[in-house]
Amino acid sequence: MPTITFVSQAGRRYAVTADHGLSVMEIARRNEIPGIDADCGGNCACGTCHVYVGNEWIERVGRPGPSEEAMLEFVHQPADTSRLSCQITMRQELDGLELLLPERQGL
Amino acid sequence: MYLFNFWYIAGWSREITVKPLRRLIMGQPIVMFRCKDGTIAALEDRCSHRNYPLSKGEICDDVIQCGYHGLRFDRHGACIYAPGQDRPPSGGNLISYPVEERGSIVWMWMGEPQRADGALVPDLSYLDREGWTPFLGGYIHLKAEHTMLTENLLDISHLAYVHKSTMGSTPALMAGCDIEVTLEPFGVRRMTTMNDIPTPPVYRQSSLVGTQIDTRTESTMRPGLYENNVVVKPAGVEPWRTKGVDGEYPIITRSFHGIVPETDRSTHYFFGGTFKKIDVPGMNGDQAHRILLEDVDVLESIQDNIQYVGDRRTINLRNDAAVMQWRAFVKRLQKADADPRAAVESVG
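Residues numbered from 1 in each chain as written. Chains lettered and ligands numbered in written order. Predicted model: local features only at pLDDT ≥ 70, side-chain atom pairs only at ≥ 80, totals over all residues. Heavy atoms only, no water.

Engineer: Which residues make up the sheet that holds strand 12 (residues 178-184) of chain B, and what values do they have?
Structural biologist: All names here are of chain B. Taken together, seven strands build an open sheet; the order of strands is 11-17-16-15-14-13-12 and the sheet is antiparallel. Two strands lie at the open edges of the sheet, namely strand 11 (133-142) and strand 12, each paired on one side alone. Each neighbouring strand pair of the sheet contributes to a mean axis angle of 15°, computed without reference to strand direction. Here helix 5 (residues 321-335) sits on the sheet and contacts strand 12, strand 13 (187-198) and strand 14 (212-222); the angle it forms with strand 12, its principal contact strand, is near 5°. (Pairing = 2+ DSSP bridges. Helix = DSSP H or I, 4+ residues; strand = E, 2+ residues; numbered from the N terminus. Axes fitted to C-alpha atoms, helices over the stretch in contact; angles between N-to-C directions. Contact = heavy atoms within 4.5 Å.)

This is how it looks when you write it as structure tokens:
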């Protein structure tokens, strides 16, 4: 089974099963990962499903498109490898992905 | 917060006569009057002697005379006469605002005058197309901050609630419509498509569509101006032939909304539009005015509420992508010092 591990700022690890084709946000919500709010339900419109992708994963995950890049200007403490998890689709090459959760969501 | 370096609608042509008209724009009192050659002068509305509004004075031969002590200013704002003095006071010149008149609209440049380029005036020439039925001259004094109006126009999911007796249809179908938002060099573009929705009340009397419609709207927002291009066809009869709104449809409506900050709590709301092939009686500027008053009521209530809840967190939903992309656009524009050319580079 493919997995994703979400890591909180306090270092707590949440390893969950990740079905291919779902967005990473959807996977987080289905598994009730604390800290992924996803107010807009996955439309790149709210900026509350922010995650940090590790440097070792960022090339495989990919960089944000223009709309997502605009939304990332509003998140709390954005970084070079920030992504909105609703814009990442789970697939084979991301099996084992680790994502760091931000201190908080919100604009 | 104002974006100064853009053209804004300052009024309708018919409003500007040989009598002075005072209008506050972006917190700046401005006096406008029409000169003998037909062009418009726009100066700061104060005498440089004691700040009495020049608009309370008189105009003679393109010169405005202060009603307090009789100082005179030419159409460019130069102080040319002070009673009892041989020479006019050299430090008394006023700010003059660049103006462009296009069709029946008066545009004003609120930023640095050397950046005022007439080629940047938004093109609303579609209002003059032959065979269409235009409605012009709409104005509402909105007692709410301009960004609220901008964001209200960018948001379509309120239609089913605020405008339920006019433009609304089934709420879930409207809020769940297909929506595409693009960040453009000039601002934001939004395309919404709603298929097979119950015909909104405004179109029910039309023989051109039935009880269910397909409708598509392309909208653009740039600083100070929102434009809508709406096409409507009977539901399901033919598929959409293009990706956008080009082509022939039973009902086509274009409208524009001038969003002009007056103060940080009030906005001049200018609007107009044009219909192609509309067969609904009473579908005109008055009706547009009535529909917009429904928004005004909402926005003024929010403005009043802000004093109590302004620091509370608000959330953003599915249909707020256009609002959020607009906020990002404004943020980048401010970074680029409100220079439209610089913004093009940073966005592109």
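Engineer: Can you break down the nonpolar core residue by residue, with the values?
Structural biologist: One finds Ile4(A), Phe6(A), Met108(B), Tyr203(B) and Phe256(B) to be the most contacted residues of the largest nonpolar core, which totals 112 residues. Apart from the residues lying within four places of it in its own chain, the contact partners of Phe6(A) are Arg12(A), Arg13(A), Tyr14(A), Val16(A), Val24(A), Ala28(A), Ile33(A), Leu99(A) and Leu101(A). The next biggest cluster of nonpolar side chains, apart from the first, holds 14 residues, and it includes Val31(B), Phe33(B), Leu43(B) and Cys79(B). (Core = buried A, V, L, I, M, F, W, Y, C linked by side-chain atoms within 4.5 Å. Buried < 20%, exposed > 50% of the residue type's maximum accessible area, 1.4 Å probe, protein only.)

Engineer: Any chance you could break down the side chain of Ser8(A) for me, citing the residues and the numbers?
Structural biologist: Residues and elements named next belong to chain A. Relative to the helices and strands, Ser8 is located in the loop between strand 1 (3-7) and strand 2 (13-17). Ser8 gets classed as buried once you look at its relative accessible area, which sits at 15%. What Ser8 contacts, discounting residues up to four positions off in sequence, is Tyr14, Leu100 and Leu101.

Engineer: Let's hear about the pattern of salt bridges: which residues, and what values?
Structural biologist: Close approach of charged atoms allows side chains of opposite charge to pair. This model, assessed by the stated rule, comprises 22 salt bridges over all chains. Across the pair Glu59(A) and Arg63(A) runs a salt bridge, and its minimum N-O distance is 3.3 Å. Here Arg34(B) ties to Glu101(B) by a salt bridge, and the two come within 2.9 Å at their closest N and O atoms. With Arg34(B) in strand 3 (residues 28-34) and Glu101(B) in strand 9 (residues 99-102), the pair connects residues that are 67 residues apart, well separated along the chain. Arg34(B) gets classed as buried once you look at its relative accessible area, which sits at 18%. Taking the relative accessible area as the measure of exposure, Glu101(B) reaches 32% and is therefore partly exposed. Salt bridges sharing partners connect three or more residues here, namely Glu184(B), Arg189(B) and Glu218(B). (Salt bridge = Lys/Arg side-chain N within 4 Å of Asp/Glu carboxyl O.)

Engineer: For the packing of aromatic side chains, give the residues involved together with the corresponding values.
Structural biologist: Aromatic rings in a pair are described by how distant their centres are and how their planes are angled relative to each other. For the structure shown, the criterion picks out 10 aromatic pairs over all chains. Ring centres of Tyr52(B) and Tyr68(B) lie 5.6 Å apart, and the angle between their planes is 55°; this geometry places the pair in the tilted category. With a gap of 16 residues between them, Tyr52(B) in the loop between strand 4 (40-44) and strand 5 (58-60) and Tyr68(B) in the loop between strand 6 (63-65) and strand 7 (72-73) connect regions that are remote in the sequence. Here the aromatic residues Trp12(B), Tyr139(B), Phe256(B) and Phe270(B) are joined through ring pairs into a cluster of three or more. If you follow Arg60(A) out to its NZ or CZ, it ends over the ring of Trp57(A), 4.2 Å from the centre. Lying across the ring of Phe186(B), Arg222(B) places its NZ or CZ 4.4 Å from the centre. (Phe/Tyr/Trp six-rings, centres within 6.5 Å; stacked < 30°, edge-to-face > 60°. Lys NZ or Arg CZ within 6 Å of the ring centre and 35° of its normal.)

Engineer: Could you give me a rundown of the interface of chain B and chain A, with the residues and numbers involved?
Structural biologist: Listed as interface residues are 16 residues of chain B and, on the opposing side, 17 residues of chain A. Approximately 1,300 Å² of surface area, both sides summed, lies buried where chain B meets chain A, with 49% of it carried by carbon and sulfur atoms. With its nearest N and O atoms 2.4 Å apart, the salt bridge here joins Arg332(B) to Glu73(A). Between chain B and chain A we count three residue pairs in polar contact (both at pLDDT 80 or more) in total. Listing elements by their share of the side of chain B that touches chain A, those giving two or more residues are strand 12 and helix 5 of chain B. By residue number, the principal contributor to the side of chain B that touches chain A is helix 5 of chain B, which donates eight residues. Of the residues that constitute the side of chain B that touches chain A, the class distribution is seven nonpolar, two polar and seven charged. (Buried area = accessible area lost by both parts, 1.4 Å probe. Polar contact = N/O pair within 3.5 Å; in protein donor to acceptor, adjacent residues only side chain to side chain. Nonpolar A, V, L, I, M, F, W, Y, C, P; charged D, E, K, R; others polar.)

Engineer: Quick rundown of the pairing of strand 3 of chain B? Include the residues and the values.
Structural biologist: All names here are of chain B. The element strand 3 is largely enclosed, with a buried count of five among its seven residues. Looking at chain direction, strand 2 (residues 21-25) and strand 3 are connected through five bridges and run antiparallel. Its bridge partner lying in strand 3, Arg23 is registered against Ile30. Here strand 2 folds back onto strand 3 in antiparallel fashion, the turn holding two residues, of which Met26 has a positive phi close to 50°. The antiparallel hairpin formed by strand 3 and strand 4 contains five residues in its connecting segment, where Gly38 sits at a positive phi of about 95°.

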